[in-house]
Amino acid sequence: MLDTIKNIKTYCNSLTIYSRYKTREVNIGDIPLGGDNPIRIQSMTTTNTMDTIATVEQTIRMVESGCEYVRITAPSKLEAQNLAEIKKELNKRGCKVPLIADIHFTPNAAEIAARIVEKVRVNPGNYADKKKFQSLEYSDTEYNAEIDRIREKFVPLVKVCKEYGTAMRIGTNHGSLSDRIMSRYGDTPLGMVESALEFVRICEDLNYYNIVLSMKASNPKIMVQAYRVLIEKMESEGMSYPLHIGVTEAGGGEDGRIKSALGIGALLEDGIGDTVRVSLTENPEFEAPVAIQLVNRYKNRSEHKPIKPVEEIPYDPYNYTKRHSFEVSGIGGSNVPRVISDLSKQEIKDASDLSVIGYYYNPSTDKWSMNDSAPDMIYLGNKELPFDIPSGLKAIYGFEFWKQLEDKSKGYPLFYASEYSKAESKSDILNLVSIYLDDLNKNLIEKIKNDKAVVLVLETNNIHGMPEQRRAFMELLLQKIENPVIIKRTYSDISIDDLRLYSSTDLGALLIDGFGDGVWVNTKNIQFDSSQNKDNIYVKNYTKNSEKIEKVINRILFGILQAARVRISKTEYIACPSCGRTLFDLQETTDMIRKRTEHLKGVKIAIMGCIVNGPGEMADADYGYVGSGVGKISLYRGKEIVKRNIKSENAVDSLIELIKEDNNWIEPA
Ligand code: SF4
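Along each chain, the written sequence defines residue order, and numbers are assigned to residues from 1. Restriction of local features to residues with pLDDT of at least 70 applies here, the model being predicted, together with a cutoff of 80 or more for giving and counting side-chain atom pairs; totals for whole chains, interfaces and linings are based on all residues. The side-chain numbers reported here are obtained from all heavy atoms of the structure, hydrogens and water having been left aside.

J.: Looking at this structure, how should I read the overall build of the chain?
T.: In this description a helix means any DSSP run of H or I spanning at least four residues, a strand means any run of E spanning at least two, and both kinds are numbered starting from the N terminus. Helices and strands together make up the secondary structure of the chain, namely 17 helices and 23 strands. Both definitions apply: the radius of gyration is a C-alpha atom measure, and the globule rule equals 2.2 Å times residues to the power 0.38. Taking 2.2 N^0.38 as the reference for a compact globule, 669 residues should give roughly 26 Å; the C-alpha atoms of the chain span a radius of gyration of 26 Å, in line with that estimate. Taken over the C-alpha atoms alone, the chain extends approximately 80 × 55 × 55 Å along its principal axes. Throughout, exposure labels follow a simple rule: accessible area from a 1.4 Å probe, protein chains only, divided by the maximum for the residue type, with under 20% read as buried, over 50% as exposed, and the rest as partly exposed. Within the chain, buried positions represent 62% of all 669 residues. Here the Shrake-Rupley method, with its probe set to 1.4 Å, supplies the accessible areas, and only the displayed protein chains count as covering residues. For the chain, the accessible surface area stands at approximately 25,900 Å², while carbon and sulfur atoms represent 47% of it.

J.: Honestly, the site of the ligand in this entry has me stumped. Any pointers?
T.: We call a residue near a molecule or strand whenever a single non-hydrogen atom of that residue lies within 4 Å of it. The ligand sits among C576, S578, C579, R581, T582, G609, C610, N613 and G614. Across the shell around the ligand, the residue classes break down as three nonpolar, five polar and one charged. Residue type decides the class: Asp, Glu, Lys and Arg count as charged, Ala, Val, Leu, Ile, Met, Phe, Trp, Tyr, Cys and Pro as nonpolar, and the leftover types, Gly among them, as polar.

J.: For this particular structure, what's the right way to read the confidence of the model for the chain?
T.: Low-pLDDT portions of the prediction should not be read for the details of their coordinates. Looking at the chain as a whole, its pLDDT mean stands at 93, while 96% of the residues score no less than 70. Across residues 1–8, where pLDDT falls below 50, the model places 15 contacts with residues more than four positions away in sequence or in other chains. Scored from 0 to 100, pLDDT records how confident the predictor is in each individual residue. It only takes one pair of heavy atoms within 4.5 Å for two residues to be counted as in contact.

J.: For this particular structure, what's the right way to read the side chain of T59?
T.: Positionally, T59 belongs in helix 1 (residues 52–64). The buried category is assigned to T59, whose relative accessible area is 0%.

J.: Please explain helix 2 (residues 77–92) as it appears in this structure.
T.: For the α-helix, the turn length of 3.6 residues means that residues three or four positions removed from each other point alike. The length a helix should cover is 1.5 Å for every residue beyond the first. In this model, helix 2 (16 residues) spans 24 Å end to end at C-alpha, consistent with the 22 Å of a helix rising 1.5 Å per residue. By the burial criterion, the buried members of helix 2 are E79, A80, N82, L83, I86, K87, E89 and L90. Among the structural elements, helix 1, strand 2 (69–73), strand 3 (99–103) and helix 3 (107–113) are those in contact with the buried residues of helix 2.

J.: It is not clear to me how the side chain of D270 should be interpreted in this structure. Could you clarify?
T.: Mapped onto the elements of the fold, D270 is located in the loop between helix 8 (253–269) and strand 8 (275–276). A relative accessible area of 3% means that D270 is categorised as buried.

J.: What should I look at first to understand the packing of helix 14 (residues 496–511) against helix 15 (residues 549–563) in this one?
T.: For any two helices packed against each other, the geometry is given by the interaxial angle and the distance between the axes. Their axes nearest at 10 Å, the elements helix 14 and helix 15 cross at an angle of 35°. Regarding helix 14 and helix 15, the two cross each other, and that crossing is right-handed. Contacts between helix 14 and helix 15 pair I496, L499, R500, S503, S504, L507, G508 and L511 from the former with I549, V552, I553, I556, L557, I560 and L561 from the latter. To get an axis, a line is fitted to the C-alpha atoms, and for a helix only the part in contact is used. The angle between two axes follows their N-to-C directions and goes from 0 to 180 degrees. Note on convention: near helix rotated counterclockwise from far helix by under a right angle means a left-handed crossing. Clockwise means right-handed.

J.: Explain the pairing of strand 13 (residues 394–398) here, please?
T.: Side-chain direction in a regular strand flips from residue to residue, so the side chains alternate between the two faces of the sheet. Most of strand 13 sits inside the fold, with five of its five residues counted as buried. For two strands to pair, DSSP has to find at least two bridges joining them. Summarising the sheet, strand 12 (residues 377–381) and strand 13 pair through four bridges and their orientation is parallel. In the sheet register, I378 faces strand 13, and the bridge partner there is A395. The parallel pair strand 13 and strand 14 (residues 412–416) is bridged by helix 10 (residues 399–404), and the resulting crossover is right-handed. Call a crossover right-handed when, viewed with both strands pointing away from you, the route from the first strand across the helix to the second goes clockwise.

J.: Would you take a moment to explain the sheet that holds strand 3 for this structure?
T.: In any sheet, the strands associate via hydrogen bonds between backbone groups, in a parallel or an antiparallel arrangement. Taken in spatial order, the eight strands line up as 6-5-4-3-2-1-8-7 in an open sheet, and their pairing is parallel. This sheet does not close on itself; its edge strands, each paired only once, are strand 6 (211–216) and strand 7 (244–245). Across six bridges, the pairing between strand 5 (residues 167–173) and strand 6 is parallel. Looking at the pairing, G171 lines up with S214 of strand 6. On top of the sheet, helix 2 reaches strand 2 and strand 3; it is set at about 165° to strand 3, its chief contact.

J.: Just to check I follow, could you spell out the nonpolar core for this structure?
T.: Most often, soluble globular proteins have nonpolar side chains that are buried together. The biggest cluster of nonpolar side chains holds 162 residues, and the ones touching the most others in it are F154, L157, M168, I170 and L213. Counting residues in hydrophobic clusters, the runner-up holds 29 residues, among them I605, Y625, L658 and I659. By nonpolar core is meant a set of buried Ala, Val, Leu, Ile, Met, Phe, Trp, Tyr and Cys residues that side-chain atoms within 4.5 Å join together.

J.: What exactly am I supposed to notice about the packing of helix 1 against helix 2 here?
T.: One can describe the packing of helix 1 onto helix 2 by two numbers: an axis separation of 9 Å at closest approach and a directional angle of 55°. In terms of axis orientation, helix 1 runs oblique to helix 2. Two packed elements cross with a definite hand, and for helix 1 against helix 2 that hand is right-handed. For the pair formed by helix 1 and helix 2, the contact residues are T52, I53, T55, V56, T59 and I60 on the first element and N82, E85, I86, E89 and L90 on the second. Should an angle fall under 35 degrees it is called roughly parallel, over 145 degrees roughly antiparallel, and 65 to 115 degrees roughly perpendicular, with every other angle called oblique.

J.: Even after reading the chapter, I still don't get the pattern of salt bridges, so can you show me in this structure?
T.: For side chains bearing opposite charge, pairing can occur when the charged atoms are close. The term salt bridge refers to a pairing of a side-chain nitrogen on Lys or Arg with a carboxyl oxygen on Asp or Glu at a separation within 4 Å. Inspection of the entire model under this criterion finds 50 salt bridges. For R180, the salt bridge is made with E198, and the minimal N-O distance between the two is 2.8 Å. Of the two residues, R180 is situated in helix 5 (residues 179–185) and E198 in helix 6 (residues 189–205); the sequence distance between them amounts to 18 residues. You'll find R180 and E198 in the same group, each marked buried. Two residues, E237 and R201, come together in a salt bridge whose shortest N-O distance is 2.9 Å. One end of the pair, E237, is in the loop between helix 7 (220–236) and strand 7; the other, R201, is in helix 6, and 36 residues separate them in sequence.

J.: Sorry if this is basic, but what is going on with the environment of A217 here?
T.: Relative to the assigned elements, A217 resides in the loop between strand 6 and helix 7. For A217, a relative accessible area of 1% gives the class buried. Note: C-alpha distance between A217 and D438 (221 residues apart in sequence) is 36 Å. Excluding anything up to four places from it in sequence, A217 contacts H174, M192, I222, M223, V247 and T248.

Structure, rendered in structure tokens:
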């Protein structure tokens, strides 16, 4: 992609100093967005837009939970007109929150809504196009004729927005690019950007600039790249529109939060984003608290310890390429990133204690079994276990402790950088060396560079930690050091909710840039009761107080690897957040499908509320379960519809039959 984007500077102000990427200010009712304004929080209702009272009451709950803007779907003229009733009732109840009409396929609804609400959202993939999933070839003349056709349909809306002072979000979705864009750019980040810019150029021709842009995808890697490309392209065309950021169809529960934090957090770390929407398959009042938790992390970020600047970016931030590393004892090279479970502070009395991290010992057969999210290594610090651990699981000890072990083959040492330089006793197979960016001096570099038994454990104590660790990766690339690197983060005195979001951001942002051969999270004093967020009744706690911290961390680490799509250990669910178009109870249905399919490692299942948008937005799912009428479901294999309008009572069984037909089914253990 680098060849197609000229004059690459960077996509943010700095890769090493935290600072907000500045965009122009756009007025949305009384709450301006972009410029020097704080990062705004928003979400979308899930009620039927024709049900005025339900929509008003849900909107009020969303405002109480922290939403500064509320989006409501307007699938047809009727709903668009009803926005006036909703607004009236909200005003009556003292709620002045700016409303946003969500439009797909229906220009006439958009033109009505733009006269009522403060902002309209259009999807450039379907505003003037019906997606046919055809790979058409467009000549330049045909392509330009298509743009003229769009202009004709879109100009009336721009004129209404200008007249009424209504803002507009041009929001691209990776899954719903038009056939025209697909034919020229494919479903790439550049295609997503071009899809929006075609519409922006029409707005600018009419001197309309009250625009917000978004580039959403359910794959955080694609989503992050698309925002980066968008900024490059905006800079090159003299644009500076505020950015609405979010991961679409992130699903719900812990996985939905991990996926959202990974994509949104990766951008926030670089100062990108003017408003955040977290999209969960849950009631919308549970979304804003997650967005607030993510955004609040940057309040004092600019006070961070300085990070050595970088003059040359030795990797391509617009295209995923995994950093090349050599293999050391199954770590690095072409192996999936490894997971380290830190058991150094846990009391482990017998083999059954390893079950919390997915290793199960059967005394009658003297055999171990493991689940798909069992770690590859355990860090034991200064203690030996009173039993033999499963073969294949590596034990890591502090160097001083390992040095005194009679049988050194029982595990491998972890050195501080200073210890490693002087150590006389080392493992012939695997030595882990803990380093910080500042340790990467000439002396250490010479020592580790040619040592094929060294795996680096990269740490940070900078509050701008991800960029400091990324800077260390850049240094390794510039110095041509190819030892594998395990990314380690330590978190203390935070809630388990914050731990989940912060670790997903910090580790995930590096993984989606191709950095990291393993992940390790260490914690001190983590609060399980969400007491830090007790002021917001809409904060959902996904962790039971009785759960062991090492179990939760292990699950989060595998979740992060899955969300970054670098190690698949479970079924992936791409579930829409639901809205006024939804034709069934998405949360209930997703839970039902999850219960029956969660053992199908690597299979991607999309659960989408409506046939209008669902199929277009299922991204790269293997199977789609899509609402196609009241009590009716259509099933998809990839983008192809294979069963139409089956009764919802039989739909999950039919989905499983379909998976079986494709030989993708295994019986649950
Ligand atoms: S796919 Fe889901 S969120 Fe999107 S329009 Fe349909 S029901 Fe609404």
